[in-house]
Structures are given as C-alpha cells and as structure tokens.
Amino acid sequence: MKAFQHRRFLQLYDVLKTKEDICLIMELIIGEKLFERVINDEFILTERLCELYMIQIYEGVNFMHSCNVVHLDMKRFFPTPNINPNGKYVLISGCDTGFGRGLAIELDKQGFYVLAGVYIPDNVITLKDKLSSRATVFPLDITKQEDIEAAFELVKNKTKVLHGLVNNAGIAIVGYIDWTSMEAMRKVMDVNYFGHVAMTKKFLPLLIAKRDSRVVNICSAAGYITSPSLSAYCASKYALESFSDCLRREMFPWGLRVSVIEPGFMRTPIIEGHYESFPNFWNRLSSDIQERWGENFLKTKYDIEKNNPFVKYAEDPMKVVRALQHAVMNTVPCIRYRPGLQSSIIFFPLSRLPDWILDRILMIVENLHAIPANVSKQLTD
C-alpha cells in the first residue's frame, strides 16, 4: 500500500480484501468532487478545466494499469437514482403507436403528468383509456404551427414548468433518390426534423424555467450511418442529430439536458406492413424512371428491401421505451442511447469504418445481381 501512491489520488475510501484480490475504492480527481462542482450553479466548465480534468483522469488510470490494477467505473455498480416524478409534466409527440404510446403509458404508471399528442384524432379516446386521470391527450400535427400553438396554450394553462419534451413523431419513405419525389423528401423532413425544431423552440421557455429539464429526441441508427434507399429518412435523422448537439451545447448554462435515442430496426408500425405491392410501387414511378432502371432491376431491389434481414429480425420496441424512460427519469441521463443489438453491436461499429470500406460492405449487403437497364445498354454499346 505504501508503494501504491500517486499525486492524482485524492482519497482512499475503502479497501476490500479477498484471498486473491485487493479492491481499492478511491477518488481520482484532485480537489473537491467533480460531480459536486459541476452541479454547482456558480460553476463554469472552461475548456482549460476540461483539459486538466481529462489529464488527471488519464494519468491516474494509466498509473493504476501500470501497477497491474484493473480500473472499474463504480457508476456501473451503483447506478444513479431516478428523480421524483410528483408534479412533473412531460410532453410527448407521436403517441398514436410505437415508442410514444409505450412511453406515455410507462411514465403515467410512474406518476408523471403525461401530455400526449396524437396525430389521428380518433386515437385520443383509445389512449385516454390506457392512462390515468392525470394524463392529457390531445390532437397534434407537429408540421402545423397552429397545432403547436394550441398545444402550447394547453400546456401553459396546466404548468409554467415543463420537465421534459420527447420529440417522437416520425415517418419513413423507402426508395432510391432517383425514385423519391421532392414532395416526399420535404414531407419526411417536415415531420422528422422541422416539426421537432418547431416544437423545441416553442416549448423552450417552459423547459428552461427550471434547471435539469430535458429534451429527448428520437433519432435512429440512420442518424449516424447512411444506407441506400433511405436518403430522405437518413437526411432528416442526421439533421436532428446535429440540432440536438447544438441545442445541448447552447443550453448548457441553463442546465437543460438533451438526449438522443439511436435505435436500429424495431417492431413498430413504421416498418410493419410498410411495403406496398410491387405493382403499386411500379405504377407510382414515372415512365422515364421505369425505362432508366428497368423492371428487372426494380423488382430485384423491391424483393431485397422487402426481405431485409434487419427488418425481419427487428427488435422489441420496449428496449427503446426503457431508454426513453431513463432519459426522462434519471438524475444523470446519457447524451446518446443506442438501445438494442443492431444499433450498438452492428451499425455503430460499422459507422466507424473508413468510408471506402463501408461502401463495399453496404454493396455486399445490398446483394444486387441485377443491373439497371440503361447501365446494361451503356456496357453493350
């Protein structure tokens, strides 16, 4: 123990001994506890302090490793607690089905005042039947400013402080860029990006009325890795990722927490029963697109998309709901959540590869043996 000394070790809290091991519990940061400093209202985290803290942590951990001591982060063994839900209001968009509906039900069980927006008015009654009398369910189309204004008035009449805003509403359109109309592109961006931006801007005054409120944005693995056929969807999710990062950094002085959820394919209505019949898909395309790509190529691509293994083995949406709950309820929510195996084990590691390698992998996954009609003509000319 006398030999195991380092200037970065502030305090030795305890020693746990067994026949094989000695477990040391100690503080790594010099000075008062880092967490207590950060949550202090007068604390300003400068770039220089960040640098000093990282150097201290690195030196301490590196020294431990040099002494053949395994470093474990105790937060994994002692999870941070949840907040008290009493009197706290959480607004969720897109509660008709899927993640939004599941989260509304779970938060209501925990005792939050749930404010659930639904796109289809008929779903107001069906969701109300699932929730307690504390909850408020109302129609909300986030692409319409008048709906957002009405929602704001409704919420402001109930509370002057909003604990959480969960931007959940979303749509997806599948198809190559050449096949996707500008109208479809704009529709996806309006719902998946501009609608959430409008909601965030409108409700920001109620969120920053107290510290430790949070905005939780449902993004996707498509927000950090781009797949063919998902140009509109990926673009909207990349945009929301960037918006979330900027919001988090800008609102740091206000203590607003911003979390991003990045799931892979989940068993929700957005993918279940999403694919129309091939004749309908073919007939929607203009004659020049049909000629340019050819029926053989389009049919092959259609079949591959319909039998996508990631869709076939889509995961339990409750994994996302649990991540959402943590982001809303925990005293120390994560900045990014990647619920499920697809996002954390497959898609994210792939996204770290050099682009030229990832391009080839995605082409292999596409498994397209057919050649577009006009490409075949060019090769034979």
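Preceding this section is the structure that the text describes.
Residues numbered from 1 in each chain as written. Predicted model: local features only at pLDDT ≥ 70, side-chain atom pairs only at ≥ 80, totals over all residues. Heavy atoms only, no water.

Turning our attention to the nonpolar core. Residues Leu-91, Leu-162, Met-199, Phe-203 and Leu-256 are the most contacted members of the largest nonpolar core, which totals 32 residues. At the level of elements, β3 (89–92), α5 (145–158), α6 (182–207), α7 (231–250) and β8 (257–261) are the ones that each hand at least two residues to this core. The biggest single contributor to this core is α6, with 9 residues. In contact with Leu-91, other than residues within four places in its own chain, are Leu-115, Phe-138, Leu-162, Gly-164, Leu-165, Val-166, Met-199 and Phe-203. Listed in part, the 30 residues of the second largest apolar core include Ile-83, Ile-92, Ile-218 and Met-329. (Core = buried A, V, L, I, M, F, W, Y, C linked by side-chain atoms within 4.5 Å. Buried < 20%, exposed > 50% of the residue type's maximum accessible area, 1.4 Å probe, protein only. Helix = DSSP H or I, 4+ residues; strand = E, 2+ residues; numbered from the N terminus. Contact = heavy atoms within 4.5 Å.)

With that settled, consider the packing of helix α3 (residues 98–110) against helix α12 (residues 318–329). Contact geometry for α3 and α12: axes closest at 9 Å, N-to-C directions at 50 degrees. Our classification of the angle between α3 and α12 gives oblique. In terms of crossing hand, the pair formed by α3 and α12 is right-handed. Along the contact surface, α3 presents Phe-99, Gly-102, Leu-103, Glu-106, Leu-107 and Gln-110, while α12 presents Met-318, Val-320, Val-321, Arg-322, Leu-324, Gln-325, Val-328 and Met-329. Grouping the constituent residues of the contact of α3 with α12 by class yields 9 nonpolar, 3 polar and 2 charged. (Axes fitted to C-alpha atoms, helices over the stretch in contact; angles between N-to-C directions. Parallel < 35°, antiparallel > 145°, perpendicular 65-115°, else oblique. Left-handed = near helix turned anticlockwise from the far one by under 90°. Nonpolar A, V, L, I, M, F, W, Y, C, P; charged D, E, K, R; others polar.)

As a further point, take helix α14 (residues 355–366). A rise of 1.5 Å per residue sets the reference length of α14, with its 12 residues, at 16 Å; its end C-alpha atoms lie 16 Å apart and thus fit the reference within 8%. Taken together, the buried positions of α14 are Leu-358, Leu-362 and Glu-366. Relative to the axis of α14, the buried residues are bounded by an arc of 80 degrees and lie together on one face. Facing away from the buried side of α14, by more than 90 degrees, are the exposed residues Trp-356, Arg-360 and Ile-364. Those residues of α14 hidden inside the fold are in contact with α10 (295–306) and α13 (341–351). Among the residues trailing α14, Asn-367 stands out with phi positive, at a value near 55 degrees. (Expected span 1.5 Å × (residues − 1). Arc of directions from axis to C-beta.)

The end-to-end C-alpha separation of α5 is 20 Å, in line with the 20 Å expected for 14 residues at 1.5 Å each. Residues of α5 that are buried: Ile-148, Ala-151, Phe-152 and Val-155. Taken end-on, α5 shows its buried residues confined to a sector of 105 degrees, consistent with a single buried face. Exposed and facing more than 90 degrees away from the buried side of α5 are Glu-146 and Asn-157. Turning to α5, the residues buried within the fold contact β4 (113–118), β5 (136–139) and α6.

Before going further, it helps to examine the sheet that holds β8. Ordered by their spatial adjacency, 7 strands build an open sheet running β5-β4-β3-β6-β7-β8-β9, and the pairing between neighbours is parallel. The sheet is open, and its two borders are formed by β5 and β9 (336–337), each paired with just one other strand. Strand direction decides the pairing type here: β3 and strand β6 (residues 164–167), joined by 3 bridges, are parallel. Paired with Leu-91 across the bridge in β6 is Leu-165. (Pairing = 2+ DSSP bridges.)

As a general feature of sheets, a regular strand has side chains that alternate between the two faces. A large share of strand β7 (residues 214–218) lies buried, amounting to 5 of its 5 residues. Pairing geometry for β6 and β7, over 4 bridges, is parallel. Within the sheet, the bridge partner assigned to Asn-167 lies in β7 and is Asn-217. Sheet analysis places β7 next to β8, joined by 5 bridges and oriented parallel. Paired with Val-216 across the two strands is Ser-259, which belongs to β8.

To continue, consider the pattern of salt bridges. Evaluation of the coordinates by the stated rule reveals 17 salt bridges. Here Arg-292 makes a salt bridge to Asp-288, at a shortest N to O gap of 3.7 Å. On the criterion of helical spacing, the pair formed by Arg-292 and Asp-288 is a turn pair, its members being 4 residues apart in helix α9 (residues 287–293). If you follow the salt bridges from partner to partner, you end up with Glu-241, Asp-245, Arg-248, Glu-262, Arg-336 and Arg-338 in one network. (Salt bridge = Lys/Arg side-chain N within 4 Å of Asp/Glu carboxyl O.)

The subject of this paragraph is the side chain of His-196. Assignment of secondary structure puts His-196 in helix α6. Excluding residues that lie within four positions of it along the chain, His-196 makes contacts with Ser-93, Ile-142, Asn-167, Asn-168, Ala-169, Val-191 and Leu-240.

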